[in-house]
Structures are given as structure tokens and as C-alpha cells.
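Structure assessment
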Amino acid sequence: AKVAATELQGVVEEYDRKAEKERQIRDDTTKSIKERIDANTRLGKILEEQQKAQLALADQVVRAAKAELDANKSNVDLQVAYNQALNERKGVLAQITGIQSEQKMNEVALNNELIALNKAKEASDNELLFSQKKNNAEAITDEVKKIDELQAIRDIEREKELKRLQANIVTG
């Protein structure tokens, strides 16, 4: 059981290494938002696998402690060792829960960042579009038509901006 536990511990450490590599990609703001979201998704899967491995290791230690205790129920040291093994298992669950919470919080933050990027792109695209329309209207030689066209563009621009601001109020 001790040999198997040490082998399984090596597997757990490998999951730690893989998870940290994905965290580095996720937190690297020079990467695209898609790359960062994908890294966070992969991190979630690694954490699930790590949880299974860590729980298997903890369960192995609990079983070994239980077997020793079953052989000598009156031994206080074995009772303590069994209770410690159970507490270690609870500790693994608490640790994994904390790590998964961090991963989920980053998922929310990345999605919010994506929403903000999309809103900024939409605003930039609209600004460019209206700038082009205004330039085209300025080229109209008939002053009355030019003024009418510029006013129509401003009305549409104002309407779009109002919708954008209302959407921001609703979605934050």
C-alpha cells in the first residue's frame, strides 16, 4: 500500500504541473481571449482528474489505516492514525473545492472580459461606420441634401448609442 501511495503521489504531482501550465496560459494577457478561455477549460478538466487521483490516494491511506486498526482495535496510535487519514481525505476535498472555485471565478472573469471586448469592438465598428457615412455625406454638393443626410446619420447614430447604453444598463 505504501508503494502504491507513493506512485499515486507522483501522479498527483504531475496533475499539479499540468494545471499550473494551463494557469500560466490562462493568466497570460498577451494570449488571445479564446486561448485563455480554452486553457481555463482544460484546467477544469485537469482539476477533475486530479481530484479523482487525490481522492484515490487518500482512500488508499484510509483503507490501509483501517486495516491496521481492524487488526488491533485497542491500539490508540492506530485509532489516531485512522482518524488522521479520514481528516486528510477531508482536507483533500477542501483543497480541491478551493482550487475549483478559483478556476470557476476565472471562467466568469474571462467571459466578462470577452463581453467587454465584444462591446468595445462593436462600438469601434459603429464609430467607423458613422464616420464613413458622414464623410460620404460631406461630399454631397447640394447643401440641403447634405444637411438632411447628416441629420439622418446623427439620428441613427443617436438611436444606436441609446440602444447600446440601455443594453449596458441591463447587462452591466
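The following refers to the structure shown. Note that the structure is a prediction, hence the values are computed from the model and not measured. (Residues numbered from 1 in each chain as written. Predicted model: local features only at pLDDT ≥ 70, side-chain atom pairs only at ≥ 80, totals over all residues. Heavy atoms only, no water.)

1. Here's the deal with the overall build of the chain
Of the regular secondary structure elements, the chain holds four helices and zero strands. Beginning at the N terminus, the succession of helices and strands in the chain can be written as α-α-α-α. C-alpha extents for the chain along the principal axes are approximately 105 × 25 × 15 Å. Surface summary for the chain: the accessible area is close to 11800 Å², and the carbon and sulfur share equals 55%. (Helix = DSSP H or I, 4+ residues; strand = E, 2+ residues; numbered from the N terminus. Areas by Shrake-Rupley, 256 points an atom, 1.4 Å probe, with all protein chains shown as cover.)

2. Considering the packing of aromatic side chains
The full count for this structure, using the stated rule, is zero aromatic pairs. The ring centre of Y82 lies 5.8 Å from the NZ or CZ of K66, which sits over that ring. (Phe/Tyr/Trp six-rings, centres within 6.5 Å; stacked < 30°, edge-to-face > 60°. Lys NZ or Arg CZ within 6 Å of the ring centre and 35° of its normal.)

3. So, helix α3 (residues 76–138)
In this model, α3 (63 residues) spans 92 Å end to end at C-alpha, consistent with the 93 Å of a helix rising 1.5 Å per residue. For α3, the full list of buried residues reads L78, Y82, A85, V92, I96, I99, Q100, Q103, L110, N126, F130 and A137. Two or three places before D77, at the start of α3, stands the capping residue N75, its side-chain oxygen 2.8 Å from that residue's backbone nitrogen. (Expected span 1.5 Å × (residues − 1). Buried < 20%, exposed > 50% of the residue type's maximum accessible area, 1.4 Å probe, protein only. Polar contact = N/O pair within 3.5 Å; in protein donor to acceptor, adjacent residues only side chain to side chain.)

4. Notes on the nonpolar core
Counting eight residues, the largest nonpolar core is built from V12, Y15, A19, L43, I46, L47, A53 and I99. Within the residue set of this core, elements represented by two or more residues are α1 (2–27) and α2 (33–71). Apart from the residues within four sequence positions on either side, I46 is in contact with Y15, K18, A19 and E22. (Core = buried A, V, L, I, M, F, W, Y, C linked by side-chain atoms within 4.5 Å. Contact = heavy atoms within 4.5 Å.)

5. What to know about the environment of L8
Residue position: L8 is located in helix α1. Discounting residues that sit within four places of it in the chain, L8 has contacts with A53, A56, L57 and Q60.

6. Things to note about the layout of surface pockets
Estimated volume of the second largest pocket: approximately 160 Å³. If you trace the second largest pocket, you find it lined by Q9, V12, E13, D16, Q54, L57, A58, V61, A85, E88, R89 and V92. Residue assignment for the lining of the second largest pocket shows that the elements contributing at least two residues are α1, α2 and α3. Of the residues assigned to the lining of the second largest pocket, the class counts are six nonpolar, two polar and four charged. (1 Å grid on protein atoms, 1.4 Å probe; cavity = no way out; pocket = protein on both sides within 12 Å on 5 of 7 lines; lining within 4 Å. Points joined across faces, edges and corners; volume = space filled by probe spheres on them. Nonpolar A, V, L, I, M, F, W, Y, C, P; charged D, E, K, R; others polar.)

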